[in-house]
Amino acid sequence: MSFTASLTHFINDNGPLILDGGLSTELEAHGAKLQGDPLWSARLLQTDPQAIKDAHNRFLLSGADVITTATYQASISGFVKHLDVSSEGARELMMSGVHLAKETVNRFDSGQRRLLVAGSVGPYGAFLHDGSEYTGAYAEEMSVEELKLWHRPQVDCLAAAGADVIAFETIPSIKEAEALVELLREFPNCKAWLSFSCKDGKRISDGSLFTDAVQVGSRSTQLLAVGVNCCNPAVVEPLLDSARTLLRPDMSWVVYPNSGEEWDTERGWLTSGTTSAWTPDLSHTWLKQGAALIGGCCRVGPAQTAELRQKHQTYPLKCSCSVLYFLLPCVS
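Residues numbered from 1 in each chain as written. Predicted model: local features only at pLDDT ≥ 70, side-chain atom pairs only at ≥ 80, totals over all residues. Heavy atoms only, no water.

In the annotation of an unreviewed UniProt entry, the chain is listed under the name Hcy-binding domain-containing protein and assigned to Amphiprion ocellaris. Entered under Cofactor (unreviewed entry) in the UniProt record, the comment concerning the chain runs "Zn(2+)". Quoted verbatim from the Pathway (unreviewed entry) heading of the UniProt record, the comment on the chain is "Amino-acid biosynthesis; L-methionine biosynthesis via de novo pathway." (UniProt positions renumbered as here; feature names shortened; annotations may be inferred.)

As structure tokens, then:
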């Protein structure tokens, strides 16, 4: 059976591709001290790579089809600055995020499931470590070329390490989205998804309309999906509905919101008196809207991933053929 045919068979039998949840949430649940760290979970690539592999494995055990590397807040310059390594050492650390994920996948008994590794690329604001990844304010002072220059080393490392797909995630700015779409052309063998952080049911975090952001993504034939992540689950349905006519026929939605709890840049997640708004039941609506990749972000762990897997174990999905690109390795 060909790769294309095997994935078509997988989707028809099992529903959408299930993404993992919040990697940092899971690492913290098992003792990692990440709050306030400018490298966040990426520090563990150097200090405790086994903890990352263990977290990946727990998501696989819960039923995730796609695991995401611990590179969201990683960068070459960030590693050089905060870990006192050389540029070459920083590149090796960045690539190790993919290697750790692939080692975990290769050792996992997946049965008939085909497991995939998404190389995480966070926004420039994540490097700044000042909360601007949820506003995109920095992009006002930067050009598209400057943003491309910043992201290029990270994408190059993840592609060279063999990530199955690049995950441009939590992007708050339409200008940064334009930069990433342009940069992706420099890696013609790579496929990617592009997901935005959003402030309400109509707008991404910098205030731009989600419809305009989707149109930016639709320009790239290398993007297999566009969508949202790390936003309140309540805004997903109106966001997707607002742009329902703008996806190319060969593109799908990617959806992985956070728990819906409030985040404070000084104190972290404010959980007192708040319950998670993320439930696997919401995914049926997203699926009907055309989502082919569904999961969770911050404060969503393996237990919720397992519930999502159970919901969609035999749920039929009519998805766009763009998801078939997952079977192509991303090599520069």
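All told, the structure shown has 2 cavities of 30 Å³ or more when counted by the stated rule. Considering only enclosed or pocket space, the largest cavity measures out at about 260 Å³ in volume. Forming the walls of the largest cavity are 22 residues, and the residues nearest its centre are G21, L23, Y72, E169 and C297. Those elements that place two or more of their residues in the lining of the largest cavity are α2 (23-29) and β4 (165-171). Of the residues that constitute the lining of the largest cavity, the class distribution is 9 nonpolar, 10 polar and 3 charged. Within this model, the second largest cavity holds a volume of roughly 80 Å³. Looking at the lining of the second largest cavity, the elements with two or more residues in it are β3 (116-121), α7 (124-128) and α8 (144-161). When residues of the lining of the second largest cavity are assigned to their parent elements, the largest contribution, 3 residues, is made by α8. Looking at side-chain class alone, the lining of the second largest cavity contains 7 nonpolar, 7 polar and no charged residues. (1 Å grid on protein atoms, 1.4 Å probe; cavity = no way out; pocket = protein on both sides within 12 Å on 5 of 7 lines; lining within 4 Å. Points joined across faces, edges and corners; volume = space filled by probe spheres on them. Helix = DSSP H or I, 4+ residues; strand = E, 2+ residues; numbered from the N terminus. Nonpolar A, V, L, I, M, F, W, Y, C, P; charged D, E, K, R; others polar.)

With 85% of its residues at a pLDDT of 70 or more, the chain has an overall mean of 88. Within the model, the stretch residues 314-329 combines pLDDT values under 50 with 53 contacts to residues more than four positions away or in other chains. (pLDDT = per-residue confidence, 0-100. Contact = heavy atoms within 4.5 Å.)

With that settled, consider the nonpolar core. One finds F79, F168, W193, L194, F196, F210 and W253 to be the most contacted residues of the largest nonpolar core, which totals 100 residues. In terms of residues, this core owes the most to one element, helix α6 (residues 87-107), which gives 8 residues. For F210, the residues in contact, after removing those within four places along its chain, are F196, C198, K202, R203, I204, G227, V228, L239, L240, S242, A243 and W253. Within the second largest apolar cluster, 8 residues are counted, among which are M142, V144, L147 and W150. (Core = buried A, V, L, I, M, F, W, Y, C linked by side-chain atoms within 4.5 Å. Buried < 20%, exposed > 50% of the residue type's maximum accessible area, 1.4 Å probe, protein only.)

If you walk through the whole model with that rule in mind, you get 8 aromatic pairs. Aromatic ring contacts, followed pair by pair, group Y124, F127, Y138 and W150 into a single cluster. (Phe/Tyr/Trp six-rings, centres within 6.5 Å; stacked < 30°, edge-to-face > 60°.)

Pairing is parallel in the open sheet, where 8 strands are placed in the order β1-β10-β7-β6-β5-β4-β3-β2. Whereas interior strands pair on both sides, the edge strands pair on one side only; in this sheet they are β1 (17-18) and β2 (66-68). In the sheet, strand β5 (residues 192-196) pairs with strand β6 (residues 223-229) via 5 bridges, with the strands oriented parallel. Directly across from F196, in β6, lies its bridge partner V228. (Pairing = 2+ DSSP bridges.)

If you trace the backbone, N229 turns up in strand β6. Among the polar contacts listed, one links the side chain of N229 to the backbone nitrogen of T170, at a separation of 2.7 Å. In terms of polar contacts, N229 uses its side chain to reach the side chain of S195, at 2.8 Å. Look past the residues within four positions of N229 in its chain and what remains in contact with it is E169, T170, S195, F196, S197, Y256, P257 and C297. (Polar contact = N/O pair within 3.5 Å; in protein donor to acceptor, adjacent residues only side chain to side chain.)

For the coordinates displayed, the defined rule picks out 14 salt bridges. Between R43 and D37 there is a salt bridge whose closest N-O contact spans 2.5 Å. Look at D37 and you get buried, because its relative accessible area is 12%. Among the ionic pairs, K102 bridges to D164, the shortest N-O distance being 3.8 Å. (Salt bridge = Lys/Arg side-chain N within 4 Å of Asp/Glu carboxyl O.)

Before going further, it helps to spend a moment on the UniProt feature "binding site: Zn(2+)" (unreviewed entry) in the chain. Per the UniProt record, the feature "binding site: Zn(2+)" (unreviewed entry) sits at C230, C297 and C298. Across 69 residues, the annotated set stays spatially compact, with a maximum C-alpha separation of 6.5 Å. Here, the largest cavity is lined by C230, C297 and C298 out of the annotated residues. Topologically, C230 is positioned in the loop between β6 and α11 (236-242). Its relative accessible area of 7% is what places C230 among the buried residues. Not counting chain neighbours up to four residues away, the residues in contact with C230 comprise Y134, T170, Y256, P257, N258, C297 and C298.

Moving on, we get to the packing of helix α5 (residues 76-83) against α6. The geometry of α5 relative to α6 is characterised by a closest axis approach of 8 Å and an angle of 115° between their N-to-C directions. The angle between α5 and α6 falls in the class roughly perpendicular. The interaxial crossing formed by α5 with α6 has right-handed handedness. Contacts from I76, F79, V80 and L83 in α5 reach S87, A90, R91, L93 and M94 in α6. (Axes fitted to C-alpha atoms, helices over the stretch in contact; angles between N-to-C directions. Parallel < 35°, antiparallel > 145°, perpendicular 65-115°, else oblique. Left-handed = near helix turned anticlockwise from the far one by under 90°.)

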